[in-house]
Amino acid sequence: MVELLSGADEEVVAVSRGARPKQAGNVRWARGDIGDAAGLQPVLDGARAVFLLVPGELNTSGEAPAVLLDVVAGAKPERVVLVSSQIVGTRPGAVSHARLGEYEAAVRESGLDFTVLRPAGFASNAFAWAETVRTRRRVYAPFGDVALPVVDPADIAALGAAALVGDGHAGRTYVVTGPEAITPREQTAAIAEALVEEVTFAEVSRADAHAGMTRFMAEEMAAGSLDVLGAPLPAEQQVSPDVEAALQRPAGSFAGWVARHLPAFR
């Protein structure tokens, strides 16, 4: 998104907790923590639009989402764009995504023009397979024949950039998916085709997948994600028209994502 906005000659302030270069062309890097809303006030000064990529975990430490949105609204930007999750819409009672639901509510109640992006599962989750593809030419994953329309993260960036600087997006909630539902087994075949080598698929149990996921995410988030992967609702398997309608081009495919990131799997 920073590259897209910079390439369109927008003045960009990119905020992160880690150290970054202070200036690069029309991009200025600033240090800030989304969990410390008051500390973000100097960064937000003069902002015309604000993009929020927030933590989704249930047990996130720090302030309530409404505190952050009060500070954002105080800077008087023209609009705010939030990345949420499709699950907030399809499973509104899901404990795993309750925090994102709170952020959505805070954005809607902020008094600002807003756009909410609700992406489906990311194509880039396939990076979790990269090591075993490189070393064994094998993918290990649960629910090998359950198809979901995974989204190329580049489309989230493009839609977010369009909503930040363009008209016609205020008050919209976009469901962001890929152009087709694809199974893990089919994703494996796409990787194999791109590598021009055989890559085999090995299905793992839900229990084993859960054990692996809880090494880097909360138990509630792992369980909720596996619920979607293994028993998706009809709405979660549908291809959304929102990317194509908003960007006037087809959504990016999983195969296209693999082609751009092939070195990770070689």
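A quick note: this is a predicted structure, and the numbers were derived from the prediction, not measured. (Residues numbered from 1 in each chain as written. Predicted model: local features only at pLDDT ≥ 70, side-chain atom pairs only at ≥ 80, totals over all residues. Heavy atoms only, no water.)

## Let's talk about the packing of aromatic side chains
Phase 1: Overall, the coordinates contain four aromatic pairs when judged by the stated rule.
Phase 2: Residues Phe-127 and Phe-265 carry aromatic rings whose centres are separated by 6.3 Å and whose planes lie at 10° to one another, so their mutual orientation is stacked. One end of the pair, Phe-127, is in the loop between strand S6 (113-119) and helix H6 (130-136); the other, Phe-265, is in the segment after helix H13 (254-260), and 138 residues separate them in sequence.
Phase 3: Overall, Phe-127 belongs to the partly exposed group, its relative accessible area being 38%.
Phase 4: Relative accessible area serves as the criterion here: at 0%, Phe-265 is assigned to the buried category.
Phase 5: Pairing Trp-257 with Phe-265 gives two aromatic rings, centres 6.1 Å apart and planes at 75°, and the pair type is edge-to-face. Like Trp-257, the residue Phe-265 is buried in the burial classification.
Phase 6: Three or more aromatic residues joined by ring pairs make a cluster, and in this case those are Phe-127, Phe-254, Trp-257 and Phe-265. (Phe/Tyr/Trp six-rings, centres within 6.5 Å; stacked < 30°, edge-to-face > 60°. Helix = DSSP H or I, 4+ residues; strand = E, 2+ residues; numbered from the N terminus. Buried < 20%, exposed > 50% of the residue type's maximum accessible area, 1.4 Å probe, protein only.)

## Looking at unusual backbone geometry
Phase 1: Of note in this structure, Arg-137 is not a glycine but carries a positive phi near 55°.
Phase 2: Along the chain, Arg-137 falls in the loop between H6 and strand S7 (138-141).

## Structural notes on the sheet that holds strand S1 (residues 12-16)
Strand pairs in the sheet, formed through backbone hydrogen bonds, run parallel or antiparallel to each other.
Phase 1: With mixed pairing, three strands are arranged side by side in an open sheet as S1-S3-S2. Across the chains shown, the open sheet's two edge strands, defined by having one partner strand only, are S1 and strand S2 (23-24).
Phase 2: Both S1 and strand S3 (residues 27-31) contribute to a ladder of five bridges, which runs parallel. Bridge assignment links Ala-14 to a residue of S3, and that residue is Trp-29. (Pairing = 2+ DSSP bridges.)

## Side note on helix H10 (residues 219-230)
Phase 1: The end-to-end C-alpha distance of H10, which contains 12 residues, comes to 16 Å, matching closely the 16 Å that a straight helix rising 1.5 Å per residue would cover.
Phase 2: Along H10, the residues that are buried comprise Met-221, Ala-222, Ala-223, Gly-224, Ser-225, Leu-226 and Val-228. (Expected span 1.5 Å × (residues − 1).)

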